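Coordinate inspection notes
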Amino acid sequence: MSRNYKHVLKMERVYKYFGKVEALKGIDFEVGANEVVGLIGDNGAGKSTMVAIMTGVFSPTRGAMYIRDEKVDFRHYNVRKAHRWKIETVFQQSSLGEKQPLWRNFFIGRQVTKSLGFINIKKEKELAQHIMLDLIGFRGAGITVDSTVSKLSGGERQGIAIGRAMYFDADLIILDEPTVALSLKEVQKVLNFTRKIKESGRACVYISHTIPHVYQVADRFVIIDRGEIVANFQKNEISLEELDSFMLKYSTEQVAG
Amino acid sequence: MKQTTVIGQNRGLGRIEALPIILVYVVIVITFMISAPETFLKYRIYQAFMSTVPVPLILALGLTLVVAAGEIDLSFPSIIAFSGFVFAALYKITGQTWMPLIAALASGAFVGLVNGLLVAVVGIPSIIATLGGQFLWSGLTVILSGGLAWNIRDIRNESIHTLFVGRIGGILPAQVIWATVVAVILWFILNRHRFGEHILFIGDNAEVARVTGVNVRRTKILLFTLMGTLAGFAAVLLTLEMATFWTTQGGGMLLITMAAVFIGGTSIFGGEGTIVGTYVGSFIVGSLEAGIVATGLGGFWTRFIVGLVLILAVALHVLLGRGKNLSEVRFLRFVFKKRKSGPDS
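Since we're looking at a predicted model, the values are computed, not measured. (Residues numbered from 1 in each chain as written. Chains lettered and ligands numbered in written order. Predicted model: local features only at pLDDT ≥ 70, side-chain atom pairs only at ≥ 80, totals over all residues.)

1. Thoughts on the overall build of chain B
- Along its length, chain B carries 16 helices and four strands.
- The buried share of chain B, taken over its 345 residues, is 47%.
- Put simply, of all contacts in chain B between residues at least 6 apart along the chain, 77% involve residues at least 24 apart. (Helix = DSSP H or I, 4+ residues; strand = E, 2+ residues; numbered from the N terminus. Buried ≥ 20, exposed ≤ 12 C-beta atoms within 10 Å, placed from the backbone. Contact = placed C-beta atoms within 7 Å.)

2. A word on the interface of chain B and chain A
- In this assembly, 21 residues from chain B lie in contact with 27 residues from chain A.
- When residues of the side of chain B that touches chain A are traced back to their parent elements, those giving at least two are helix 10 (194–204) and helix 11 (206–211) of chain B.
- Here the element with the most residues in the side of chain B that touches chain A is helix 10 of chain B; it accounts for six residues.
- Here the side of chain B that touches chain A is composed, by residue class, of eight nonpolar, eight polar and five charged. (Nonpolar A, V, L, I, M, F, W, Y, C, P; charged D, E, K, R; others polar.)

3. Some points on the packing of helix 4 (residues 121–135) of chain A against helix 5 (residues 154–167) of chain A
All names here are of chain A.
- Closest axis-to-axis distance for the helix 4/helix 5 pair is 10 Å, and the angle between their directions is 105°. Considered as vectors, helix 4 and helix 5 are oriented roughly perpendicular to each other. Taken together, the residues of helix 5 that come into contact with helix 4 (itself represented by I131, M132 and L135) are G163, M166 and Y167.
- Residue composition of the contact of helix 4 with helix 5, grouped by class: five nonpolar, one polar and no charged. (Axes fitted to C-alpha atoms, helices over the stretch in contact; angles between N-to-C directions. Parallel < 35°, antiparallel > 145°, perpendicular 65-115°, else oblique.)

4. Examining the sheet that holds strand 5 (residues 70–71) of chain A
Residues and elements named next belong to chain A.
- Spatially, 2-1-4-5 is the arrangement adopted by the four strands of the open sheet, whose pairing is antiparallel. Of all strands in the sheet, those with a lone pairing partner are strand 2 (21–32) and strand 5, marking the two edges.
- In the packing of helix 1 (residues 47–54) onto the sheet, the strands contacted are strand 1 (7–18), strand 2 and strand 4 (62–67), and the crossing angle to strand 2 comes to about 60°. (Pairing = 2+ DSSP bridges.)

5. A look at the sheet that holds strand 6 (residues 87–90) of chain A
Residue and element names in this part refer to chain A.
- Spatially, the six strands line up as an open sheet ordered 6-7-8-3-9-10, and their pairing is mixed. The sheet terminates laterally at strand 6 and strand 10 (228–234), the two strands that pair on one side only. Neighbouring strand axes in the sheet, compared pairwise and without regard to direction, differ in orientation by 20° on average.
- Here strand 3 (residues 36–40) pairs with strand 9 (residues 220–225) via four bridges, running parallel. From the neighbouring strand, G38 faces strand 9, where its bridge partner is F221.
- Contacting strand 3, strand 6, strand 7 (172–176), strand 8 (203–208) and strand 9, helix 1 crosses the sheet at an angle of about 150° to strand 7.
- Contacts between helix 6 (residues 184–199) and the sheet are confined to strand 3, strand 7 and strand 8, with strand 8 contributing the most and set at about 150° to the helix.

And the structure:
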């Protein structure tokens, strides 16, 4: 897939106030066309506010944002627009219908239909199989496109949601704490799914505060604290131990201060 | 070797929708054939079922979709009265038949639309909105009709009577054909149409439905309107069959209709619904009273046994619910224990 832009998303001097609370204080942040950026920060650091602005949930108080190098007009930017502009979010809590089969979950809201709104089930199942095998390399034992979501583990659910975003050709997939509350084995699955995003030429913002997980998949780490970007490391500039101790030192200072 | 395909084919018996409850129905009918052979080995009783079951059946079919969406409708008995009155009164006044039919369907749709708006736009929980509706519309019917029954005996000579409740070939009640047509259409809507998929996702988790792009509000309004229209149709069938309108018609249908839906295997928690199950469940509920009386137990037993069947059937569904298709096969094996040692175990 050829991508003729430098940054899939770029923020310039973005501020966000909620009343008197300064959630974001002049954020400069960019994501390359095929880059996995780990966005790291403690609870309340401003990660969620950044995601909300990227995905059109709300507009910044001040500042500019560019999608595929084109300036975003915030007056006409919203969640639906973000989807149309190929920015997809995989939320912490599942965005899947538990009791529904996987094939329905891939196409809910965007069904492949024949005439009069009747679903082309054969086609949807074939495409669902393509997504599971080819896009995300799904290897769940005994899991088929007819399985219901309730049979999947937490990591597998994240995988399905990632696959859905990839199938609908998202250029940027935002993963919001995808490994929270998962077992070690499940975490590896999610990290593998994340690598698929990179392999397919897309970009990803991976939000987490679990350093060892982000470190495995991200090309670059952006650390945010109390509404400001405080550090920006390329993966080759810093080892896992250094990044870990940096974060640890940072949060102890915070507690001390 | 690694698993290379993820397209699953449910093979054999597991593919049959609502198989356990179909078997339950077969067992019930066989039981009655043994306990009351002089009644249940003759066609007459089945003809009676096919003339009385379609009205609660059509209601139960609509209710299945409502329950699948995680909602409930308690107002349909009042539509049986209200739309039945609209139909009977307009026929009596104008002598026409098709216009009253359209008006009856429209009046049902209107009540449903009001329910839908109250639930989806105002945000009143459906159990309360439709409870209020039940009082309101049945009350209005009593006011408009003057509390009197309206005899429309002459309608028996009209073509509309033959078309909807005539006896095909002298033996087959037409309404069972209509109810079956409704069932087939609703099955396709629920299982094969976008609208049905939206219903299932809303019932499963309305928030998930919303973030994946389903218009939850519009779907709910449409759903309640559909339910109202179906109730209007059921009202016409009942009024035609009886050739009389009376103010309390539909009054006893709330609980037996709900019982049919839940016996059929639709879950009160929403997100799933079975049209086939409801179809069979309606016939189970409709058969029990006649069967119990014919067996010689006396009518006093009816409610007790309906309750027993409801509880046992739902317990069965809950136990089988874990694992769906596969468990139905397991259930079969459990029932017919003499299985051969299969290659799969």
